[in-house]
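# Overview (structure and organization)
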Amino acid sequence: MTDQRKPAIDYERRLLTFIDLCGFKGIVDQTLENDGDWNASSLYWLLKEFTGDVLESVVVGGVPTLGVDGSRQVKPIDGLEGPEKEKAYKESKEAWPISVTHFSDSFVISTPAKNKGSTGLHFFLVRGLVRALLRKGITVRGGMTVGKVIHESSGVLFGPTMNRAYELENCVAKWPRILMDESAHSVFIAAFPLGDSLHHLVQKAEDDFWQITPASCAISEDLLGPDAELLSNLKSLHDIHEEESKLGLRYAELLNNWDITHGPN
């Protein structure tokens, strides 16, 4: 029964990305080993960097982007100080809202689909997350779509769009990449039209899908070339898992995508 004393809440049409950290169980297992590459503290502080307000403040603070109506621009906040910085950050969060939820090995990011400023930040955030995690030797797999969902940062999260994004990640993507359907791609094109410096972020995939890969995230914003550290980490992951039936093929697919994107290395 509906509680008449509580306000009615309805779904909102949002761009949503569900991201799963590949190999997370193995990383957690390493935290119990004295000689492992990871311990509880290092994993905690890594995930802390990508949680809630910390992640949002990094993206909002440094990226100029279009406003709700496509005409305003955010002034980079990182150069401001004190109350002026706090005021600008608060105004930006109100104008370009982003919801971020982290639980265990998963992240969910969503933004209002009609807000060009928010959706622009959404893609910058996804790109930054893929790059930052790969620098630590972690790849991700995910699904991105648009539709009905209720999502509050570190709060309530449910809706058919969440289910659809999880399905894309879990059943369709297969190898480490973020798979987008046509609805998400349409939002991307609206935020970053042909000729924009971030237009390269999304590649055509099989069937009616599009994808964001480590290779596409590795292209620098000034288009001067790929990030060599990211390629080195991908090669290391491939060498570690080459003999494994599933993981070996997945990392081989990533390296093949890198060659297609950047040319043989």
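Below is a short write-up of the structure. Position numbers for residues start from 1 in each chain and track the written sequence from start to end. Where local features are concerned, this predicted model is filtered to residues with pLDDT of at least 70; where side-chain atom pairs are given and counted, the filter is 80 or more; whole-chain, interface and lining totals use all residues. Note that water and hydrogens are dropped before the side-chain values are worked out from all heavy atoms of the structure.

What goes into a patch is any residue over 30% in relative accessible area without a salt bridge, connected to like charges within 9 Å or, for nonpolar side chains (Val, Leu, Ile, Met, Phe, Trp, Tyr), within 5 Å. Exposure was quantified through the Shrake-Rupley algorithm and a 1.4 Å probe, taking into account, for residues, occlusion by the shown protein chains and nothing else. Take a side-chain nitrogen of Lys or Arg and a carboxyl oxygen of Asp or Glu: if they are within 4 Å of each other, that pair is a salt bridge. On the surface, Tyr-11, Val-156 and Phe-158 cluster together into a nonpolar patch covering about 260 Å² of accessible area. Within the fold, Val-156 resides in the loop between strand 4 (140-151) and strand 5 (157-158). Each residue's exposure class comes from its accessible area (1.4 Å probe, protein chains only) as a fraction of the maximum for that residue type: buried when under 20%, exposed when over 50%, partly exposed otherwise. Note on Val-156: relative accessible area 39%, which makes it partly exposed. Numbering goes from the N terminus for both helices and strands, where a helix is a DSSP run of H or I of at least four residues and a strand is a run of E of at least two.

With that out of the way, let us pick up the packing of helix 9 (residues 228-241) against helix 10 (residues 245-262). When two helices pack together, you describe them by how their axes are tilted relative to each other and by the distance separating the axes. Relative orientation of the contacting elements helix 9 and helix 10 amounts to 150 degrees, with a least axis distance of 8 Å. With respect to helix 10, the axis of helix 9 lies roughly antiparallel. By crossing handedness, the relation of helix 9 to helix 10 is classed as left-handed. Between helix 9, through Leu-230, Leu-231, Leu-234, Lys-235, Leu-237, His-238 and His-241, and helix 10, the contact on the second element is made entirely by Leu-247, Gly-248, Tyr-251, Ala-252, Leu-254, Leu-255 and Trp-258. Lines are fitted to the C-alpha atoms to define the axes, a helix being fitted only along its stretch in contact, and any angle between axes, read from their N-to-C directions, falls within 0 to 180 degrees. Any angle that is under 35 degrees is reported as roughly parallel, and any over 145 degrees as roughly antiparallel; angles of 65 to 115 degrees are reported as roughly perpendicular and all others as oblique. Handedness of a crossing is defined here by the sense of rotation of the near helix relative to the far one, left-handed for an anticlockwise turn of less than a right angle and right-handed for a clockwise turn. Residues count as neighbours in contact if any of their non-hydrogen atoms are within 4.5 Å of one another.

Take the packing of aromatic side chains next. Between rings of Phe, Tyr and Trp, where Trp is taken as its six-membered ring, a pair exists when centres lie within 6.5 Å; planes separated by under 30 degrees are stacked, by over 60 edge-to-face, and by other angles tilted. One pass over the structure, following the stated rule, counts 7 aromatic pairs. With a centroid separation of 4.8 Å and 85 degrees between ring planes, the pair formed by Tyr-44 and Trp-45 is classed as edge-to-face. A ring pair is formed by Phe-124 and Phe-192, whose centres lie 5.7 Å apart and whose planes are at 75 degrees; its orientation type is edge-to-face. Taken together, the residues span a long stretch of sequence, with Phe-124 in helix 5 (residues 116-135) and Phe-192 in the loop between helix 7 (182-191) and strand 7 (203-204) at a distance of 68 residues.

We now examine helix 6 (residues 160-173). The end-to-end C-alpha distance of helix 6 is 18 Å, a good match for the 20 Å that 14 residues give at a rise of 1.5 Å each. Two axes define the bend at a residue: one fitted to the seven residues ending there, one fitted to the seven starting there, and the bend is the angle between them. Along helix 6, the helix axis deviates most sharply at Glu-167, where the bend reaches about 25 degrees. Here the buried face of helix 6 lies against strand 1 (12-21), strand 3 (106-112), strand 4, strand 5 and strand 6 (178-180). How far a helix is expected to stretch is found by multiplying one less than its residue total by 1.5 Å.

Turning our eyes to something else, we now look at a negative patch on the surface. Working convention for charge: Lys and Arg count positive, Asp and Glu count negative, and His plus the chain ends are omitted. Working definition for charges: the position is that of NZ of Lys, CZ of Arg, CG of Asp or CD of Glu. Taken together, the side chains of Asp-239, Glu-242, Glu-243 and Glu-244 present a region of like negative charge at the surface. Following the sequence through the fold, Glu-243 ends up in the loop between helix 9 and helix 10. We classify Glu-243 as exposed; its relative accessible area is 74%.

As far as function goes, none of this settles anything; it's purely spatial.
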